[in-house]
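Observations on the model geometry
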Amino acid sequence: AQSVTQLGSHVSVSEGALVLLRCNYSSSVPPYLFWYVQYPNQGLQLLLKYTTGATLVKGINGFEAEFKKSETSFHLTKPSAHMSDAAEYFCAVSKRPHFGNEKLTFGTGTRLTIIP
Amino acid sequence: EAGVAQSPRYKIIEKRQSVAFWCNPISGHATLYWYQQILGQGPKLLIQFQNNGVVDDSQLPKDRFSAERLKGVDSTLKIQPAKLEDSAVYLCASSLDTGTSKHNEQFFGPGTRLTVL
């Protein structure tokens, strides 16, 4: 079974400060890893994903995440927070296609607040 | 390109009533998903369709929830009868089935917020 743990249900950072949202996963097989963002009253939007290859992946809106197998982590970072980054962020894991269907298993989410 | 459409956006019902949600996926997307997102939790997969066949419904409470995708395009999710704990946002997502080992990105609709009183 796969699972995701997001440390910190709420994170507040000042505008211009570093954003760090933590995600640890558990998977018996090499996983695919994702970060999604959800703005109020909207669906989820894919920020970035790790499937294979380079372990540092860059996504939209200046976000990036690094897959660390030894730490089973996939933390999301952004060097300088903007007010528009305020949203809920979800980390998710799925099996690789040849291990089964690509069902996403989500973490419980982290609400990011930006302080002016 | 049009995104995933869902309706209604909001629904309020009393417990023991029935309710249905509708989803129209992105044109050409063979795979369709229904997720339940309870307040304060991440989305949980209820059912996955490939065309009009069910791939995974292991977490669907089949005593009260049902879903269909008869023509392999749009889909409906029904709850009958509803319970208080069914209050949640119901998200529909779709993906293109490339038939390869490449990951098929899921695109999400805006969701239907259900309140059961």
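Rules used throughout
- Residues numbered from 1 in each chain as written.
- Chains lettered and ligands numbered in written order.
- Predicted model: local features only at pLDDT ≥ 70, side-chain atom pairs only at ≥ 80, totals over all residues.
- Heavy atoms only, no water.
- Contact = heavy atoms within 4.5 Å.
- Buried area = accessible area lost by both parts, 1.4 Å probe.
- Salt bridge = Lys/Arg side-chain N within 4 Å of Asp/Glu carboxyl O.
- Polar contact = N/O pair within 3.5 Å; in protein donor to acceptor, adjacent residues only side chain to side chain.
- Helix = DSSP H or I, 4+ residues; strand = E, 2+ residues; numbered from the N terminus.
- Buried < 20%, exposed > 50% of the residue type's maximum accessible area, 1.4 Å probe, protein only.

Think of interface size as the accessible area that goes away when the parts come together; that is how it is often given. At the interface, 20 residues of chain A touch 27 residues of chain B. Roughly 1700 Å² is buried in total at the junction of chain A and chain B, and carbon and sulfur atoms are behind 50% of that figure. The interface formed by chain A and chain B holds one salt bridge in total. Residue Asp56 of chain B is joined to Lys103 of chain A by a salt bridge in which the shortest nitrogen-to-oxygen separation is 3.9 Å. Here chain A is connected to chain B by two residue pairs in polar contact (both at pLDDT 80 or more).

With that settled, the discussion passes to the pattern of salt bridges. Here the structure, examined in full by the defined rule, presents six salt bridges over all chains. The residue Asp57 of chain B makes a salt bridge to Lys62 of chain B at a minimum N-O spacing of 3.8 Å.

Okay, the environment of Gly111 of chain B next. Residue and element names in this part refer to chain B. Here Gly111 shows up in the loop between strand E10 (107-108) and strand E11 (112-116). By relative accessible area, which is 2% here, Gly111 ends up buried. Separated by 74 residues in the primary sequence, Gly111 and Gln37 place their C-alpha atoms 9.3 Å from one another. Ignoring any residue separated from it by four or fewer positions in sequence, one finds Gly111 in contact with Gln6, Pro8, Arg9, Val89, Tyr90 and Leu91.

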